[in-house]
Amino acid sequence: MGKTVLVVDDDPDVRLFSVTVLEEHGYTPLEAANGEEGLKMIKENKPDLIILDVLMPRQSGIRLYRELKTDKSLKNIQVIILSGIARKTFLRSQKALTEFGGKEVPEPQIYLEKPVEPEVLAAAIEKALS
Amino acid sequence: MKIEKLLFVTKFEELGFDAVRSLLSLTKADLNHIIFINVIERDRFAMSRVGYRKDEEIRLREEANIRFIDWSENLFEQGLEVGVYIVVGALVSEVIKAAQKEEADLIVIGRSHKGVLEHLYSGSDVTELLRRAATPVLLYKHLSETTISVENPFDRPLLAIDWSPASLRAVEYLKELGDVVSEISLVHVAGEKDLKGTSAMEIQKTRKETRQKLEAICTLFEAQGIDARAHVYIGDPDDEIEKAARDCQATMIVLGSSAKSAWVEKWLGSTPRKYAEESIYPTLLIPPLKM
């Protein structure tokens, strides 16, 4: 069985796209429709990689990423951000939250802006898991 | 009753990012999460003579998405949490569903620009929302309709009190906004029939008693560091509340309502509805606690 990858995105079309790419490359995909559901699945399944959207209902990818990277048992899980929100905004937001008294979190290793070609996503997944 | 999470309803034509900005003063209190919702009404937008048009739905969704990404980037960079719903369905049902799912503390909605005929046939979404929502609703007014400043609607609210549980709930709601509100005007509009007696002394006594009750509420606000002033007006609430708002240079009108059964009845053509739909002031409506 391939490595487990959790796709957290509120857009069902994007989830379908990512899941298709994952299956084609022999990974085991899991799906969550928002940050809150995503965190629950991460704790239950401890995936090898998370493909994370930013702008979602219930909890954004910005807060979920922060929770992951400040949790000792989860911080080593690899994360690819896949979002329409610019990388610059993601970083500025994390900086603002740190300034409000939060912990400093590392930058995401891979940040892809939507839309993305299947081969670009596949290469990013391979790089993140290598 | 803190305002931590706000649900902002927009069709883009009536409420834009300037309205969002004007509400950011609430971050000085407890606001930390803004959720945007755009409801694509299937029957109004996506139907044509040839039937349901999926391509039209996709276009409308993506238009909304592009706008929300831009708005969200601005808010994320200020450290706020942001969420988005773009859904196809009936406006009121979808807004209530999202408010419940997100446990929103305040719904902000603009008044739609309908003509008289359209109103007659479709009724008012806003009135329907006010009737069904358990969450306070801020009815924002379009910039072109009002000459008052909308830089911060919560700066100088005017709270119309009728001593109902909902209007007292409104007191609790506003008490939490000490860092946002600079002054509250408390107004009770006494009807002419409330002025018991025929002598000047008796009429003045009624005024004095009402004023004392309002002063007691002013004391509650002042304990929270909010300046508050009591005002008694005489006449028809439908007219007097707006006059009081003008006299006090208010930036918003806040109304509670009567008990639940009366609340439902009142919406069918009464003061809160009139202010929601006709006043030039942003109007915050606090429903009674629903059982």
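Everything below is about the structure shown above.
Being a predicted model, the structure only gives us computed values, none of them experimental.

Regarding helix α4 (residues 87–99) of chain A
The end-to-end C-alpha separation of α4(A) is 18 Å, in line with the 18 Å expected for 13 residues at 1.5 Å each. Those residues of α4(A) not exposed but buried are T89(A), F90(A), S93(A), Q94(A), A96(A) and L97(A). Summarising the axial view, the buried residues of α4(A) lie within an arc of 160°, below the 170-degree limit, and thus occupy one face. Turned more than 90 degrees off the buried face of α4(A), the exposed positions are K88(A), K95(A) and E99(A). At its buried positions, α4(A) is contacted by α3 (61–69), β4 (78–83) and β5 (110–113) of chain A together with α3 (54–76) of chain B. Taken from the residues just after α4(A), G101(A) is the one with a positive phi, measuring 110°.

Quick word on the sheet that holds strand β11 (residues 252–255) of chain B
All names here are of chain B. With mixed pairing, the 10 strands of this open sheet are ordered in space as β5-β2-β1-β6-β7-β12-β11-β8-β9-β10. What marks the edges here is a single partner per strand, and that holds for β5 (81–88) and β10 (227–234). Taken over all neighbouring pairs, the strand axes of this sheet differ in orientation by 20° on average, direction set aside. In the sheet, strand β9 (residues 183–190) pairs with β10 via eight bridges, with the strands oriented parallel. Within the sheet, the bridge partner assigned to I184 lies in β10 and is A228. Sitting on the sheet, helix α4 (residues 91–102) is in contact with β1 (5–9), β2 (33–40), β5 and β6 (106–110), with an inclination near 155° to β2. The strands touched by helix α8 (residues 200–223) are β8 (157–160), β9 and β10; relative to β10, the strand with the most contacts, the crossing angle is about 160°.

Digging into the interface of chain B and chain A
Contacts between the two partners involve 20 residues from chain B and, on the opposite side, 19 residues from chain A. Buried surface at the junction of chain B and chain A, summed over both partners, amounts to about 1,500 Å²; 54% is from carbon and sulfur atoms. Sorting the residues of chain B by area buried against chain A places F76(B), E77(B) and E81(B) first, and these three jointly supply 39% of that buried surface. Scanning the region where chain B abuts chain A turns up two salt bridges. In this structure, E81(B) and R63(A) form a salt bridge, with 3.7 Å as the shortest nitrogen-oxygen distance. Seen at the junction of chain B and chain A, the total is eight residue pairs in polar contact (both at pLDDT 80 or more). Across the side of chain B that touches chain A, the residue classes break down as seven nonpolar, six polar and seven charged.

A short note on the pairing of strand β2 (residues 28–32) of chain A
All names here are of chain A. In the sheet, strand β1 (residues 4–8) pairs with β2 via five bridges, with the strands oriented parallel. Bridge assignment links V7 to a residue of β2, and that residue is E31. For the crossover from β1 across helix α1 (residues 12–24) to β2, the handedness is right-handed.

Details of empty space enclosed by the protein
Residues and elements named next belong to chain B. Summed over all chains, the structure comprises one cavity of 30 Å³ or more. In this structure, the largest cavity spans a volume of roughly 60 Å³. For the largest cavity, the lining is made up of 11 residues, of which K11, E14, L91, I109 and G110 are closest to its centre. Those elements that place two or more of their residues in the lining of the largest cavity are β6 and α6 (125–132).

Topic: the sheet that holds strand β3 (residues 49–52) of chain A
Residue and element names in this part refer to chain A. The strand order across the open sheet built from five strands is β2-β1-β3-β4-β5, with neighbouring strands paired in parallel fashion. Here the strands that pair on one side only, and so sit at the sheet edges, are β2 and β5. In this sheet, adjacent strand axes meet at a mean angle of 20° when their direction is disregarded. With four bridges joining them, β3 and β4 adopt parallel strand pairing. Its bridge partner being in β4, L49 is matched across the sheet by Q78. Set on the sheet, α1 makes contact with β1, β2, β3 and β4; between it and β2 the angle comes to about 165°.

The rules behind the values
- Residues numbered from 1 in each chain as written.
- Chains lettered and ligands numbered in written order.
- Predicted model: local features only at pLDDT ≥ 70, side-chain atom pairs only at ≥ 80, totals over all residues.
- Heavy atoms only, no water.
- Helix = DSSP H or I, 4+ residues; strand = E, 2+ residues; numbered from the N terminus.
- Expected span 1.5 Å × (residues − 1).
- Buried < 20%, exposed > 50% of the residue type's maximum accessible area, 1.4 Å probe, protein only.
- Arc of directions from axis to C-beta.
- Contact = heavy atoms within 4.5 Å.
- Pairing = 2+ DSSP bridges.
- Axes fitted to C-alpha atoms, helices over the stretch in contact; angles between N-to-C directions.
- Buried area = accessible area lost by both parts, 1.4 Å probe.
- Salt bridge = Lys/Arg side-chain N within 4 Å of Asp/Glu carboxyl O.
- Polar contact = N/O pair within 3.5 Å; in protein donor to acceptor, adjacent residues only side chain to side chain.
- Nonpolar A, V, L, I, M, F, W, Y, C, P; charged D, E, K, R; others polar.
- Right-handed = clockwise from strand over helix to strand, strands pointing away.
- 1 Å grid on protein atoms, 1.4 Å probe; cavity = no way out; pocket = protein on both sides within 12 Å on 5 of 7 lines; lining within 4 Å.
- Points joined across faces, edges and corners; volume = space filled by probe spheres on them.

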